[in-house]
Amino acid sequence: MFASPPRRVLIVSLRYLGDLLISTLMADGVKQRWPNCKVDYLVFDGMQGVLAGNGCVDHIITLPPKARPKVRLALLRSLWRQYDLALTSHSGDYPHLVLWAASRQRIGALPQIRKHAWWKRLSAPLSIAEQLHQPIAGLCARIVGQSGVNTPVRIRPPQASQPWPPQAALMAAGQAYAVLNPCPRWAYKRWHQSGWLALVAHLQLRGLKVVICGGHSQDEKDYLAWLFEGVAGLTYTDPTVDFAQSATLIAGASLFVGPDTFTTHLAASCGVPTVALFGPTDPQVWGPISQVDAGDASRTQPFVAVADVQQRANVWLLQNASLPCVPCQLEGCDRHRQSRSQCLDEMSAEKVLAVVDAVLNRIA
């Protein structure tokens, strides 16, 4: 494919935090094949912390999430033919325009609907077509595989130079702790209040300090204040904790519990025992990829569409399999992001506590 090894490679990740984390599989693969090449990333402004301490990444370019057309056009001009290879795991129009502008060698994801894919197929003939229920990690591995990488690739979580001070204090005292994140970005992914309260009480009875992630925005602060009103002994992260420190905090925990959110993906990639509470989301596509599984993301056994509990390496994924609509892949029962989700509203605390106990007993 290449007359000579590429000197500069661009990876485009213009979606959510979880997509960006998983896309580090591609950076890992590129660096494995061409250790001396420079790898740049294009990400939305505010997300660059996901790449902190990533030894595969040399430079980060940012774009405002709601950039005006003239800003997007200016970026295309600035990138014109600056790279020997450009990659993206997204099938959207603008990521493919960036590939076209940045390099003559381009590999990306093609949408399943053919009428949306024809010009992208012409622009990037080596690209990979999206497949129904395909894991995002598998798609990234296939894309980087098109560049000739044939070795296992790994997710690279962010790395902090110094831990968050309260974590350092817990570690110095020899105090085991669990990290919970009750704050998904959208309400339809939330578990119920009684479940979280029961889980906190249970973990405290087992002698674990409970650290609560989230609460950086005012909406999240208000939600957590309501969720844990009157509960003593909790430690909350604060806005000074960046992505890298969050990863370090989670990596040192005995357990992580969270819904379908970026932090749950981060926990899985850090190798910590992770209990993921899934509602409408299809785990075949969005199931968290463990660091063990990511060692061979192209061939790992994927999650199935629905099961009460399924384990992959250090990840235990829970669903409400008693409902025939799970996973619906819709934005809750009311079809909007602030909707309720019956599947999560009816996921019992007893079920979650039983899995948590099994996990903790296994690693004790």
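Quantities reported herein were computed from a predicted structural model and do not represent experimental measurements.

1. Concerning the overall build of the chain
Then, in step 1: The secondary structure content of the chain amounts to 13 helices and 14 strands.
Then, in step 2: In terms of C-alpha radius of gyration, the chain reaches 21 Å, essentially the compact-globule figure of 21 Å for 364 residues.
Then, in step 3: The principal-axis extents of the C-alpha atoms in the chain amount to approximately 60 × 45 × 40 Å.
Then, in step 4: Counting only residues that meet the buried cut, the chain has 54% of its 364 residues in that class.
Then, in step 5: Taking as baseline every contact in the chain between residues at least 6 positions apart, the subset at least 24 positions apart corresponds to 61%.
Then, in step 6: Summing over all exposed atoms, the chain offers an accessible surface of approximately 15,900 Å²; the carbon and sulfur share of this is 53%.
Then, in step 7: Counting 34 positive and 25 negative side-chain charges, the chain places the averaged centre of each group 11 Å from the other.

2. A closer look at the pattern of salt bridges
Opposite charge on two side chains makes pairing possible when the charged atoms of those side chains draw close.
Then, in step 1: Scanning all chains against the criterion turns up ten salt bridges.
Then, in step 2: Its salt-bridge partner being aspartate 58, residue lysine 31 comes within 3.5 Å of it at the nearest N-O pair. Placement of the pair is lysine 31 in helix H1 (residues 17-33) and aspartate 58 in the loop between strand E2 (38-44) and strand E3 (59-63), with a sequence separation of 27 residues.
Then, in step 3: You can call aspartate 58 partly exposed: its relative accessible area is 38%.
Then, in step 4: Across the salt bridge formed by aspartate 308 and lysine 351, the nearest N and O atoms sit 3.0 Å from each other. Here lysine 351 lies in helix H13 (residues 349-363) and aspartate 308 lies in the loop between helix H11 (283-286) and strand E13 (309-312), a separation of 43 residues in the sequence.
Then, in step 5: Since its relative accessible area comes to 43%, aspartate 308 is described here as partly exposed.

3. Here we look at the sheet that holds E2
Then, in step 1: Read across the sheet, five strands follow the order E3-E2-E1-E4-E5 without closing on themselves; strand pairing throughout is parallel. Because the sheet does not close on itself, it has two edges, and the strands there are E3 and strand E5 (106-107).
Then, in step 2: When strand E4 (residues 85-88) meets E5, the two strands line up parallel, connected through two bridges. Following the sheet pairing, leucine 87 is matched in E5 by isoleucine 107.
Then, in step 3: The strands touched by helix H2 (residues 69-79) are strand E1 (8-13), E2 and E3; relative to E3, the strand with the most contacts, the crossing angle is about 155°.

4. Notes on unusual backbone geometry
Then, in step 1: Each neighbour pair has its own omega, and for valine 326 with proline 327 the value is -10°, a cis peptide bond.
Then, in step 2: Relative to the helices and strands, proline 327 is located in the loop between strand E14 (315-318) and helix H12 (342-345).
Then, in step 3: Of note, alanine 313 is a non-glycine position whose phi angle comes to about 55°, a positive value.
Then, in step 4: Phi at arginine 335 is positive, roughly 65°, even though this residue is not glycine.
Then, in step 5: Locating arginine 335 in the fold gives a position in the loop between E14 and H12.

5. Overview of the confidence of the model for the chain
Then, in step 1: Chain-level pLDDT for the chain is 91 on average; 95% of the residues reach the 70-or-more range.
Then, in step 2: Counted against residues more than four places away or in other chains, residues 294-299, with its pLDDT under 50, gives 16 contacts.

6. Thoughts on the environment of arginine 77
Then, in step 1: By secondary structure assignment, the location of arginine 77 is in helix H2.
Then, in step 2: Each C-alpha atom, one on arginine 77 and one on valine 98, is 9.5 Å from the other, the two residues being 21 residues apart in sequence.

7. A short note on the nonpolar core
Then, in step 1: In terms of nonpolar packing, the biggest core is built from 70 residues, with Leu10, Leu42, Leu87 and Val179 touching the most fellow members.
Then, in step 2: Each residue touching leucine 87, except ones within four places of it in the same chain, is listed here: Val9, Leu10, Ile11, Val12, Met26, Val30, Leu99, Ile107 and Ile143.
Then, in step 3: Among the nonpolar cores identified, the runner-up in size contains 31 residues, and Leu199, Leu224, Leu234 and Leu360 belong to it.

8. A look at the state of the cysteines
Then, in step 1: This structure, assessed with the given rule, holds zero disulfides.
Then, in step 2: Left unpaired, cysteine 325 is separated from the closest cysteine sulfur, that of cysteine 328, by 6.0 Å.
Then, in step 3: We classify cysteine 328 as partly exposed; its relative accessible area is 28%.

9. What to know about the packing of aromatic side chains
Then, in step 1: Enumeration according to the criterion identifies four aromatic pairs in this entry.
Then, in step 2: A centroid spacing of 5.3 Å and a plane angle of 75° characterise the contact between tryptophan 191 and tryptophan 196, whose relative ring orientation is edge-to-face. There is no split in this pair, since tryptophan 191 and tryptophan 196 are both buried.
Then, in step 3: Summarising the aromatic geometry, the rings of phenylalanine 243 and phenylalanine 262 are spaced 5.5 Å apart at their centres and angled 80° between planes, so their arrangement reads as edge-to-face. Linking phenylalanine 243 in helix H9 (residues 243-251) with phenylalanine 262 in helix H10 (residues 262-270), this pair joins segments that are 19 residues apart in sequence.
Then, in step 4: By relative accessible area, phenylalanine 243 is classed as partly exposed at 22%.
Then, in step 5: Sitting above the plane of the tyrosine 223 ring, arginine 190 keeps its charged end 3.8 Å from the centroid.

10. A short note on the side chain of serine 341
Then, in step 1: Mapping serine 341 onto the fold places it in the loop between E14 and H12.
Then, in step 2: Taking relative accessible area as the criterion, serine 341 reaches 3% and is therefore assigned buried.
Then, in step 3: Here tyrosine 188 takes part through its backbone oxygen, which lies 2.7 Å from a polar atom of the side chain of serine 341.
Then, in step 4: Excluding anything up to four places from it in sequence, serine 341 contacts Tyr188, Pro280, Gly332 and Cys333.

The rules behind the values
- Residues numbered from 1 in each chain as written.
- Predicted model: local features only at pLDDT ≥ 70, side-chain atom pairs only at ≥ 80, totals over all residues.
- Heavy atoms only, no water.
- Helix = DSSP H or I, 4+ residues; strand = E, 2+ residues; numbered from the N terminus.
- Rg over C-alpha atoms; globule rule 2.2 N^0.38 Å.
- Buried < 20%, exposed > 50% of the residue type's maximum accessible area, 1.4 Å probe, protein only.
- Contact = heavy atoms within 4.5 Å.
- Areas by Shrake-Rupley, 256 points an atom, 1.4 Å probe, with all protein chains shown as cover.
- Lys, Arg positive; Asp, Glu negative; His and termini not counted.
- Charge placed at Lys NZ, Arg CZ, Asp CG, Glu CD.
- Salt bridge = Lys/Arg side-chain N within 4 Å of Asp/Glu carboxyl O.
- Pairing = 2+ DSSP bridges.
- Axes fitted to C-alpha atoms, helices over the stretch in contact; angles between N-to-C directions.
- pLDDT = per-residue confidence, 0-100.
- Core = buried A, V, L, I, M, F, W, Y, C linked by side-chain atoms within 4.5 Å.
- Disulfide = S-S within 2.5 Å.
- Phe/Tyr/Trp six-rings, centres within 6.5 Å; stacked < 30°, edge-to-face > 60°.
- Lys NZ or Arg CZ within 6 Å of the ring centre and 35° of its normal.
- Polar contact = N/O pair within 3.5 Å; in protein donor to acceptor, adjacent residues only side chain to side chain.

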